[in-house]
Amino acid sequence: MAFKWKSVFDVAAIKSDFEVAGLNPNFIPQIWKHVLKNPDCRWDDIPSLPSAAYHLLDSKFKPSTSTVHAAIDSSDLVTTKLLIKLQNGEFVEAVIMRYDTRLGKYDGKPRLGGPRSTLCVSSQVGCKMGCNFCATGSMGFKSNLTSGEILEQLVHASRISAIRNVVFMGMGEPLNNYSAVVDAIRAMTAFPFQLSPKKITLSTVGIIHGINKLQKDMPNLNLAVSLHAPVQEIRCQIMPAARAFPLERLMNALREYQTNSQQKILIEYIMLDAVNDEEQHAHQLGKLLQTLQSVVNLIPFNPIGSLSCYSTSDDHKVVKFQKILRGTYNIRTTIRKQMGQDISGACGQLVIKKPDILTDIEDLRQIRDLDD
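If you check an unreviewed UniProt entry, the protein chain appears there as Radical SAM core domain-containing protein from Salvia splendens. For the record of the protein chain, the UniProt heading Cofactor (unreviewed entry) holds the text "[4Fe-4S] cluster".

Right, dumping it as C-alpha cells:
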C-alpha cells in the first residue's frame, strides 16, 4: 500500500499527532496561517516551531493533499467551478459564487452590503442518498472526505476570491460524514480562517439523529433542510432515503432544533413539473410549516441530461407557489437565482464523470426574490 500523506488541515490527525509527540497544539493555527499565505512553502520556512514539530510535519504531513485539476468560469464570470483532485485519485467539486447584496430589495427597502463570495463545498465523493433529481446521487457513494480535504476546498477557493460565506451544499450528505464536517466547521470559525458561524450553512436531506446532535455541537450554525415535498409519499418517490426519516419525525426534530437554537430554518424545495409544484402542494407545504419559523427557498430544477426524468416547472407556477406561501401562510418565500448552470455548477448538477471533464456539484444560487 502506498504511503498516504496527511493534510496539515486535517484537524483530528494533526492534533492527535501533536499530542502523541508532546507538542503544544497551539502551534497548529500558526502553521495554518503560514500555509495560507505561502501555499508552496517548505516546513522549515515556518519560523519558531519546536524542532520536533518540523520532523513530524516532514514525515507525515503535506501543506495540501489535493490540487485544483481545473477551474471553469461561467459566461458571466459570476461563478467559478473547481474540480479538485484528491490524493487517492478521486475528484470532488467546489463552486465559488459571487454576488452583490446591494442588488434588489429586502422588505421593500434597498439592501445593504456589497460584493460577496460564497463557497459551496463537498463533504463526500458521491452520495448514498440517491435523490433521483440530483446528478450527484447518480454516482453512488464512494468515500467520505477528511476534515483536511474539506478545508482544502476553502483554501483553494480563497486564492481565487475572498470567501465570506460557506455552504455545505456540494457533493454528499454532510451529516453522513459528521465528525469530519464538524471538525472542518470548527476550524473555519477559528484562527486563521475566522468565518462567523452565522456565515456557514449546512444542508441535509433530514438525517434526524444528526440534526439532534448538530444543535448541541454547533449551536449557531445555519441549518437548511432539503425537504422538496410536503407529504411523505412524494418525498419517498423523489428521495428514497426519506423512507428512513418519516416527515412527522423530521418536523418534530426541526421544531426542537428551532426551540433550542432560536434560528429560522431554511427549507429547500426543488420545483418539479407535475410532481410537487401544484397549488395543492403549496397549501400542504404551508400547513406543514405553520408551526416552524422558516424561510422557503424554491429551486427551479436544473436539467441533468439523460439522467433526468423530470422537467422544470414553468415560471408562472413557481410564482403562484410563492404567492400562496407568502399570502395565505405568511411564510417568507424566495426563488433561487440560477448561477453556474452553463458550467454545470448549479443545484443538483454536480457529478464527476471523467477526470478531464468538469461536470458538477450541488450548487447554490443566490437566494433572491424573483420579483425583486
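The rest of the description comes next.
1. Focus: the confidence of the model for the protein chain
With 87% of its residues at a pLDDT of 70 or more, the protein chain shows a mean pLDDT of 88. Scored below 50 in pLDDT, residues 343–350 shows 64 contacts in the model against residues more than four places distant or in partner chains. Here residues 353–372 scores under 50 on pLDDT; set against residues more than four positions off or in separate chains, the count is 106 contacts.

2. Notes on the packing of helix 9 (residues 279–288) against helix 10 (residues 315–327)
At their nearest, the axes of helix 9 and helix 10 sit 9 Å apart, and the two run at 30° to each other. Judged by the angle between their axes, helix 9 and helix 10 are roughly parallel. The two elements helix 9 and helix 10 cross, and the hand of that crossing is right-handed. Of the residues in helix 10, those in contact with Glu279, His281, Ala282, His283, Leu285 and Gly286 of helix 9 are Lys320, Phe321, Ile324 and Leu325. Its residues assigned to classes, the contact of helix 9 with helix 10 comprises five nonpolar, three polar and two charged.

3. Focus on empty space enclosed by the protein
The method is simple in principle: a probe with the dimensions of a water molecule rolls over the atoms, and the space it marks as empty is what remains. The final tally for this structure, using the stated rule, is two cavities of 30 Å³ or more. Estimated volume of the second largest cavity: approximately 60 Å³. What lines the second largest cavity is Ile211, Asn212, Gln215, Lys216, Ala253, Glu256, Tyr257 and Asn260. Only helix 6 (208–217) and helix 8 (247–261) provide two or more residues apiece to the lining of the second largest cavity. Of the residues contributing to the lining of the second largest cavity, the split by class is three nonpolar, three polar and two charged.

4. Overview of the nonpolar core
Grouped together as the largest cluster of nonpolar side chains are 105 residues, with contacts concentrated most on Phe133, Phe168 and Leu214. For this core, the leading source of residues is helix 5 (residues 178–188), giving eight residues. The residues touching Phe168, leaving out its near neighbours within four places in the chain, are Val121, Ile150, Pro174, Val181, Ile185, Met188, Ile200, Thr201, Leu202 and Ser203. Of all hydrophobic cores here, the second largest spans eight residues; its members include Met97, Cys120, Met169 and Val295.

5. Describing helix 1 (residues 11–20)
Listed in full, the buried residues belonging to helix 1 are Val11, Ala13, Ile14, Asp17 and Phe18. Turning to helix 1, the residues buried within the fold contact strand 1 (6–7), helix 2 (27–37), helix 3 (51–60), strand 2 (61–62), helix 4 (147–158) and helix 5. Taken from the residues just after helix 1, Gly22 is the one with a positive phi, measuring 75°.

6. Regarding the environment of Ser147
Along the chain, the position of Ser147 falls in helix 4. Between the alpha carbons of Ser147 and Ala12 there is a distance of 7.8 Å; along the sequence they are 135 residues apart. Apart from residues lying up to four places away in sequence, Ser147 is in contact with Phe9, Asp10, Val11, Ala12, Ala180, Asp183 and Ala184. For Ser147, the side chain forms a polar contact with the main-chain nitrogen of Val11, separated by 2.9 Å.

7. Brief notes about the packing of helix 4 against helix 5
Orientation of helix 4 relative to helix 5, taken along the N-to-C sense of each, is 40°, at an axis distance of 8 Å. With respect to their mutual orientation, helix 4 and helix 5 come out oblique. With respect to the hand of their crossing, helix 4 and helix 5 are arranged in right-handed fashion. Seen from helix 4, the contacting residues are Ser147, Ile150, Leu151 and Leu154; seen from helix 5, they are Ala180, Val181, Asp183, Ala184, Ala187 and Met188. For the contact of helix 4 with helix 5, the per-class residue count stands at eight nonpolar, one polar and one charged.

8. Points about the packing of aromatic side chains
In the structure shown here, the tally under the stated rule is six aromatic pairs. Here Phe9 and Phe193 contribute two aromatic rings whose centre-to-centre distance is 6.0 Å and whose plane-to-plane angle is 55°, an arrangement assigned as tilted. Here Phe9, found in the loop between strand 1 and helix 1, pairs with Phe193, found in the loop between helix 5 and strand 12 (200–204); they are 184 residues apart in sequence, far enough to count as distant. For the pair Phe9 and Phe193, one class covers both residues: buried. Of the aromatic side chains, those joined through ring pairs into one cluster are Phe9, Trp32 and Phe193.

9. Examining the environment of Asn38
Relative to the helices and strands, Asn38 is located in the loop between helix 2 and helix 3. A relative accessible area of 33% means that Asn38 is categorised as partly exposed. Between the C-alpha atom of Asn38 and that of Pro63, which follows or precedes it by 25 residues, the distance is 9.3 Å.

Analysis parameters
Residues numbered from 1 in each chain as written. Predicted model: local features only at pLDDT ≥ 70, side-chain atom pairs only at ≥ 80, totals over all residues. Heavy atoms only, no water. UniProt positions renumbered as here; feature names shortened; annotations may be inferred. pLDDT = per-residue confidence, 0-100. Contact = heavy atoms within 4.5 Å. Axes fitted to C-alpha atoms, helices over the stretch in contact; angles between N-to-C directions. Helix = DSSP H or I, 4+ residues; strand = E, 2+ residues; numbered from the N terminus. Parallel < 35°, antiparallel > 145°, perpendicular 65-115°, else oblique. Left-handed = near helix turned anticlockwise from the far one by under 90°. Nonpolar A, V, L, I, M, F, W, Y, C, P; charged D, E, K, R; others polar. 1 Å grid on protein atoms, 1.4 Å probe; cavity = no way out; pocket = protein on both sides within 12 Å on 5 of 7 lines; lining within 4 Å. Points joined across faces, edges and corners; volume = space filled by probe spheres on them. Core = buried A, V, L, I, M, F, W, Y, C linked by side-chain atoms within 4.5 Å. Buried < 20%, exposed > 50% of the residue type's maximum accessible area, 1.4 Å probe, protein only. Polar contact = N/O pair within 3.5 Å; in protein donor to acceptor, adjacent residues only side chain to side chain. Phe/Tyr/Trp six-rings, centres within 6.5 Å; stacked < 30°, edge-to-face > 60°.

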